[in-house]
Amino acid sequence: MKQRTVAFLCWLFAFGFSLQAAPAPQTFEGALEEVHFKAPDFPSPNELFAPPPLQPSSNQGPGIVAAPAGSPTAGAPASPPETASPSLSPTGITWINSRPLTMRELRGKVVLIDFWEYTCINCIRTFPASKSWYARYHRYGFEIIGVHDPEFGIAYSVKNVRAAIKRFALPYPVVVDDKFEIWNSYHSDSWPNRFLI
């Protein structure tokens, strides 16, 4: 019994000493970064247009665009023509679960801009928390705007995005940003990526 008591006291002393000698807790390096800039607005469907794809001239080989004779680019290889993805919306912007919104009408609310893609597992893992926040705080002025930017060819289809929104039961407004207009205006570079305004 005496040996157990001594062993326990030694352990308690060592444990107490290790608590006192422990270094201060480290701060997380990837903490939120506070920035101050005006949030870009969502482009309206009427403001956007699809530029016509480059067409090679019929009398030249593929990838050669006709240029005026004597110009420095005459006969130079051109970048390949852009091809539309399946079911690509003509404007590049399609709103689901909402009419088109503007930052002006969201003024005074806390807005979470959530860039995601329906095939991205890391995005899918954020949905339960987002839906919980939306259910709890939407009535107090919290809004989530999901911005879907495709990573793969199948994700350009608005029909597929609608099916994914239904499958994941996302209740908040979602913008299908096929042409990366919103993505570029927010300088987004990854999925998922969030901006709290």
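Quick note: structure is the one above.
All of these numbers come straight from a predicted model, not from anything done at the bench. (Residues numbered from 1 in each chain as written. Predicted model: local features only at pLDDT ≥ 70, side-chain atom pairs only at ≥ 80, totals over all residues. Heavy atoms only, no water.)

Notes on the overall build of the chain
Rules: Strands here mean DSSP runs of E at least two residues long; helices mean DSSP runs of H or I at least four residues long; both are numbered from the N terminus. Buried, partly exposed and exposed residues are distinguished by accessible area as a fraction of the type maximum, computed with a 1.4 Å probe on protein chains only: under 20%, between the cut-offs, and over 50%, respectively.
Within the chain one finds five helices and five strands. Taken from the N to the C terminus, the helices and strands of the chain come in the order α-β-β-α-α-β-α-β-α-β. Counting across all 197 residues of the chain, residues that qualify as buried make up 32%.

With respect to the state of the cysteines
To keep things clear, this is the line we draw: What counts as a disulfide here is a pair of cysteine sulfur atoms lying within 2.5 Å.
Counted by the stated rule, this structure contains zero disulfides. Not engaged in a disulfide, the cysteine cysteine 120 finds its nearest cysteine sulfur in cysteine 123; these two sulfurs lie 3.0 Å apart.

Digging into the nonpolar core
The line we're drawing: To form a nonpolar core, buried Ala, Val, Leu, Ile, Met, Phe, Trp, Tyr and Cys residues must be joined to one another through side-chain atoms within 4.5 Å. In this description, contact between two residues means that some pair of their heavy atoms is separated by no more than 4.5 Å.
Grouped together as the largest cluster of nonpolar side chains are 20 residues, with contacts concentrated most on Trp116, Tyr118, Ile165, Leu170 and Tyr172. Secondary-structure elements contributing two or more residues to this core are strand S2 (110–116), helix H3 (127–137), strand S3 (142–148), helix H4 (158–168) and strand S4 (174–177). Per-element tally for this core: the top contributor is H4, with five residues. When sequence neighbours within four positions are dropped, the list of residues in contact with tyrosine 118 reads Ile124, His148, Ile154, Ala155, Asn160, Val161, Ala164, Arg167 and Phe168.

Quick look at the pattern of salt bridges
Put simply, the test is: The salt bridge definition used is simple: a Lys or Arg side-chain nitrogen within 4 Å of an Asp or Glu carboxyl oxygen.
Applying the stated rule across the entire model yields two salt bridges. A salt bridge links arginine 99 to glutamate 105; its shortest N-O distance comes to 2.6 Å. Taking the relative accessible area as the measure of exposure, glutamate 105 reaches 36% and is therefore partly exposed. Put simply, arginine 194 and aspartate 114 hold a salt bridge, and the shortest N to O gap is 3.5 Å. Of this pair, arginine 194 sits in strand S5 (residues 193–196) while aspartate 114 sits in strand S2, and the two are 80 residues apart along the sequence.

Concerning the side chain of aspartate 114
Heads up, the condition is: N or O atoms closer than or at 3.5 Å make up a polar contact, with two conditions inside protein: a donor-capable atom paired with an acceptor-capable one, and, for residues adjacent in sequence, both atoms drawn from side chains.
With a relative accessible area of 0%, aspartate 114 lands in the buried category. There is a polar contact of 3.5 Å between the side chain of aspartate 114 and the side chain of arginine 194. Contacts of aspartate 114, omitting those with residues within four sequence positions, involve Ser130, Ile144, Ile145, Gly146, Val147, Tyr172, Pro192, Asn193 and Arg194.

Some thoughts on the sheet that holds S5
For clarity, the threshold we go by: At least two bridges found by DSSP between two strands are what make those strands a pair. Helix axes use the C-alpha atoms of the stretch in contact, all axes being lines fitted to C-alpha atoms, and the angles between their N-to-C directions lie in the range 0 to 180 degrees.
Reading across from one edge, S1-S4-S3-S2-S5 is the order of the five strands in this open sheet, with mixed pairing throughout. In this open sheet, the two edge strands, each paired with only one partner strand, are strand S1 (93–96) and S5. Strand-to-strand twist across the sheet, computed as the mean angle between neighbouring axes with direction ignored, equals 20°. Pairing of S1 with S4 involves four bridges; the strand directions are antiparallel. When the bridges of S4 are listed, threonine 94 appears paired with valine 176. Seen against the sheet, H3 touches S2, S3 and S5 and runs at an angle of roughly 145° to S3.

Scope: geometric values only; no functional claims are made or implied.
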